Amino acid sequence: MKKRVDNSSDAAVLRRMAEARLYKSHEKNVLPTSKEDLLRLVQELQIHQIELEMVNEELQETRNAVEKGLEQYTELYNFAPLGYFTLNRSGDICMANLTGAHMLGVDRSELIGGRFGLFVSIKNRTDFCNFLQKVFESNTKENCETMLIKKNGEQCYVRIDAVAATEWQGCKIAVVDITEQKAIESQLEAYHLYLEDMVKVRTKELEDANKELESFSYSVSHDLRAPLRAIGGYSHFLQRDH
């Protein structure tokens, strides 16, 4: 089979290649003069035509498969439960999926070219810049937790996993919204502190009760000491006389 053309849709390139091959063939061969030679030439042209049609069909099938795979990948990328971003070394957003744009409350077209760090809360920006620097200097995946401020002013706590891109000067980051998780952790921590305070209160009450019981026991034993001595004395006299 003849050498295949990479882009089947480029008919102009294919035609120029065919014309060049035809001219080259004319330079080497004399045009057929007999009927038999003319029939062989027609048959050869028909074979070439069939070959081209088969190549075009195969290329079209490959193109359809690639487009289908690309469509599936795009859907997975855009509607993934995570926010995906690609940043250059300056921290500018080069790509973002729909989930990431929704997470920041900004249309995706407005995100491209913007600085991702501007969505980080002011108190966390220095740590985030240091985190990005570490990502670019390292060949391993790094992660951090930070607070993001949406366009409408809402806050969301996120976990960021990032890795430097090997094919270009930038990094890829995945952003997970952990606001609810942090809220639950905060509630659990508050409840834990409440239980600790309750244990301290109960322990203090128990200690006070023990002290009162000890004081009562001492008082009772002290008050009963004289009557017991008197009873003991009378018992001794009774035993001696009777």
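Quick note: structure is the one above.
What you see is a predicted model, and the numbers here were worked out from it, not measured in a lab. (Residues numbered from 1 in each chain as written. Predicted model: local features only at pLDDT ≥ 70, side-chain atom pairs only at ≥ 80, totals over all residues. Heavy atoms only, no water.)

Okay, the sheet that holds strand β2 (residues 93–96) next. Ordered by their spatial adjacency, five strands build an open sheet running β2-β1-β5-β4-β3, and the pairing between neighbours is antiparallel. One side of each edge strand has no neighbouring strand; the edge strands of this open sheet are β2 and β3 (142–149). Neighbour-to-neighbour, the strand axes of the sheet open up by a mean angle of 30°, direction not taken into account. Sheet topology note: the β3/strand β4 (residues 155–164) ladder contains eight bridges and is antiparallel. By the bridge assignment for β4, C144 is matched with I160. Along the sheet, helix α5 (residues 125–137) contacts β1 (83–88), β3, β4 and β5 (170–177); its crossing angle with β4, the most-contacted strand, is approximately 20°. (Pairing = 2+ DSSP bridges. Helix = DSSP H or I, 4+ residues; strand = E, 2+ residues; numbered from the N terminus. Axes fitted to C-alpha atoms, helices over the stretch in contact; angles between N-to-C directions. Contact = heavy atoms within 4.5 Å.)

The subject of this paragraph is the nonpolar core. Ranked by internal contacts, the top residues of the largest apolar core, which has 26 residues, are F85, L111, F116, I160, I173 and V175. When residues of this core are traced back to their parent elements, those giving at least two are β1, β2, α3 (98–104), α5, β3, β4 and β5. The element that contributes the greatest number of residues to this core is α5, accounting for five residues. Sequence-distant contacts of L111, that is, excluding residues within four places in its chain, are made with F85, I93, A96, A101, L104, V106 and F119. (Core = buried A, V, L, I, M, F, W, Y, C linked by side-chain atoms within 4.5 Å. Buried < 20%, exposed > 50% of the residue type's maximum accessible area, 1.4 Å probe, protein only.)

Between β3 and β4, which follow one another and run antiparallel, lie five residues, and G153 among them has a positive phi close to 95°. Linkage of β4 to β5, two consecutive antiparallel strands, is achieved through a turn of five residues.

Inspection of the secondary structure puts G100 in helix α3. Exposure remark for G100: the relative accessible area of 0% places this residue in the buried category. Between the C-alpha atoms of G100 and F85, which are 15 residues apart in sequence, the distance is 7.1 Å.

Turning next to the packing of aromatic side chains. Counted under the stated rule, the structure contains four aromatic pairs. Judged by centre distance (5.6 Å) and plane angle (35°), the rings of F116 and F128 are tilted. With F116 in the loop between α4 (108–111) and α5 and F128 in helix α5, this residue pair connects regions lying twelve residues apart in the sequence. Both residues of the pair, F116 and F128, count as buried. Ring geometry for F128 against F131: centres 6.2 Å apart, planes inclined by 40°, an arrangement best described as tilted. Here the residue F128 and the residue F131 both occupy positions in helix α5, the gap between them amounting to three residues, near one helical turn. Each member of the pair F128 and F131 is classed as buried. (Phe/Tyr/Trp six-rings, centres within 6.5 Å; stacked < 30°, edge-to-face > 60°.)

On to the side chain of T86. The topology assignment puts T86 in strand β1. Its relative accessible area of 12% is what places T86 among the buried residues. Within polar-contact distance, the side chain of T86 engages the backbone nitrogen of M95 at 2.9 Å. Not counting the four nearest positions on each side in its chain, T86 is found in contact with D92, I93, C94, M95, W168, C171 and K172. (Polar contact = N/O pair within 3.5 Å; in protein donor to acceptor, adjacent residues only side chain to side chain.)

Bear in mind that shape data such as this cannot, by itself, settle questions of function.
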